[in-house]
Amino acid sequence: MIDNKNLLLIFTRNPVLGKCKTRLATTVGDEIALDIYRFLLQHTVEITKDLTMSKQVWYSEMIWKDDVWAESIFDKKIQAGPDLGKRMENAFQEGFEAGFEKICIIGSDLFDLSRTDIEKAFLHLDQNDFVIGPADDGGYYLLGMKKWVPQVFKDKAWGGETVLERTLADLKKEKVHVLPTRNDVDIYDDIKDVEAFHPFLKHLKHD
């Protein structure tokens, strides 16, 4: 049964050669980076497809039919806005305007993330207005809210190491639950010691 008061937003890039995981690609090459990104997309599908909540996939460029995101499970949307902050703000705002009460957003490239992590994030929103999952690089891998504070999407150096710090500063007067830190996948060092990625890295020399 779907809980229609809860909404999971999944932000994703269209998996196009040379346009995803570009920082990783500087080490492993464009084709391997694309293979790894597709692997991460499939992981995200697996941990989200059975969640009992509404789920939306927000594409970076265009909506793709018949891809890993089954249309019977995921509503498909297109991101809109000049930067990541505005794109997330628009997605959250649309969700609240549609009547959802608790909304969380994740990316689609976090191998460390589990279905339980997402379920717990929504549960923490029972007692808190916000939940945030810090990433090792100074950003966050999950943001959840049941109270509309658009400032969290403004005045950030998206992709930089101050995003988490600045977001928490915006929420210093709010009731926030901070989740365990997780490692997202941006560069080679993020995956070189993770066994699941070794098949993709066979052509590279390991440290």
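These notes cover the structure that comes with them.

What counts and what doesn't
- Residues numbered from 1 in each chain as written.
- Predicted model: local features only at pLDDT ≥ 70, side-chain atom pairs only at ≥ 80, totals over all residues.
- Heavy atoms only, no water.
- 1 Å grid on protein atoms, 1.4 Å probe; cavity = no way out; pocket = protein on both sides within 12 Å on 5 of 7 lines; lining within 4 Å.
- Points joined across faces, edges and corners; volume = space filled by probe spheres on them.
- Helix = DSSP H or I, 4+ residues; strand = E, 2+ residues; numbered from the N terminus.
- Salt bridge = Lys/Arg side-chain N within 4 Å of Asp/Glu carboxyl O.
- Buried < 20%, exposed > 50% of the residue type's maximum accessible area, 1.4 Å probe, protein only.
- Phe/Tyr/Trp six-rings, centres within 6.5 Å; stacked < 30°, edge-to-face > 60°.
- Patch = residues over 30% accessible without salt bridge, like charges linked within 9 Å, V, L, I, M, F, W, Y side chains within 5 Å.
- Areas by Shrake-Rupley, 256 points an atom, 1.4 Å probe, with all protein chains shown as cover.
- Lys, Arg positive; Asp, Glu negative; His and termini not counted.
- Charge placed at Lys NZ, Arg CZ, Asp CG, Glu CD.
- Core = buried A, V, L, I, M, F, W, Y, C linked by side-chain atoms within 4.5 Å.
- Contact = heavy atoms within 4.5 Å.
- Arc of directions from axis to C-beta.

### Some details on the layout of surface pockets
Taking a probe equal in size to a water molecule and rolling it over the atoms shows the remaining empty space.
In step 1: A volume near 1000 Å³ is recorded for the largest pocket.
In step 2: Of all the elements in the fold, those that place two or more residues in the lining of the largest pocket are β1 (3–12), α1 (22–28), α3 (84–97), β4 (102–106) and β6 (140–145).
In step 3: For the lining of the largest pocket, the element with the most residues is β6, which contributes four residues.

### Some remarks on the pattern of salt bridges
In step 1: Counted under the stated rule, the structure contains 16 salt bridges.
In step 2: The partner of K77 in a salt bridge is E94, with the nearest N and O atoms 2.7 Å apart. One end of the pair, K77, is in strand β3 (residues 75–78); the other, E94, is in helix α3, with 17 residues separating them in the sequence.
In step 3: Note on K77: relative accessible area 25%, which makes it partly exposed.
In step 4: Of the charged contacts in the structure, one is a salt bridge between D126 and K102, with a shortest N-O distance of 2.6 Å. Of the two residues, D126 is situated in the loop between α4 (115–124) and β5 (130–134) and K102 in strand β4; the sequence distance between them amounts to 24 residues.
In step 5: Connected through shared salt-bridge partners, K65, D67, E71 and K76 make up one network.

### Concerning the packing of aromatic side chains
In step 1: Tallied over the entire structure, the rule returns nine aromatic pairs.
In step 2: On the basis of an interplanar angle of 55 degrees and a centroid distance of 5.3 Å, the ring pair of F39 and F200 is categorised as tilted. Of the two residues, F39 sits in helix α2 (residues 30–48) while F200 sits in the segment after β7 (176–178), which places them 161 residues apart along the sequence.
In step 3: According to the relative accessible area criterion, F200 is buried, its value standing at 19%.
In step 4: On the basis of an interplanar angle of 65 degrees and a centroid distance of 5.9 Å, the ring pair of F96 and W148 is categorised as edge-to-face.

### A short note on a negative patch on the surface
In step 1: On the surface, D112, D136, D137 and E161 cluster together to form a negatively charged patch.
In step 2: Relative to the assigned elements, D136 resides in the loop between β5 and β6.
In step 3: Judged by relative accessible area, which is 53%, D136 ranks as exposed.

### Topic: the nonpolar core
In step 1: Judged by nonpolar contacts, the single largest core of 26 residues is most densely connected at L8, W69, C104, I118 and L142.
In step 2: Sorting the residues of this core by element identifies β1, α2, β2 (53–59), β4, α4 and β6 as the ones contributing at least two each.
In step 3: Per element, the largest residue contribution to this core is five residues, and it comes from α2.
In step 4: In this view, L8 contacts T48, L51, M53, S54, K55, Q56, C104, I106, I118 and F122; residues no more than four positions away in its chain are not counted.

### A look at α4
In step 1: Burial in α4 covers these residues: D117, I118, A121 and F122. For α4, the buried positions fall inside an angular range of 135 degrees around the axis, keeping them on one side.

None of the figures reported here should be taken as evidence of function without further support.
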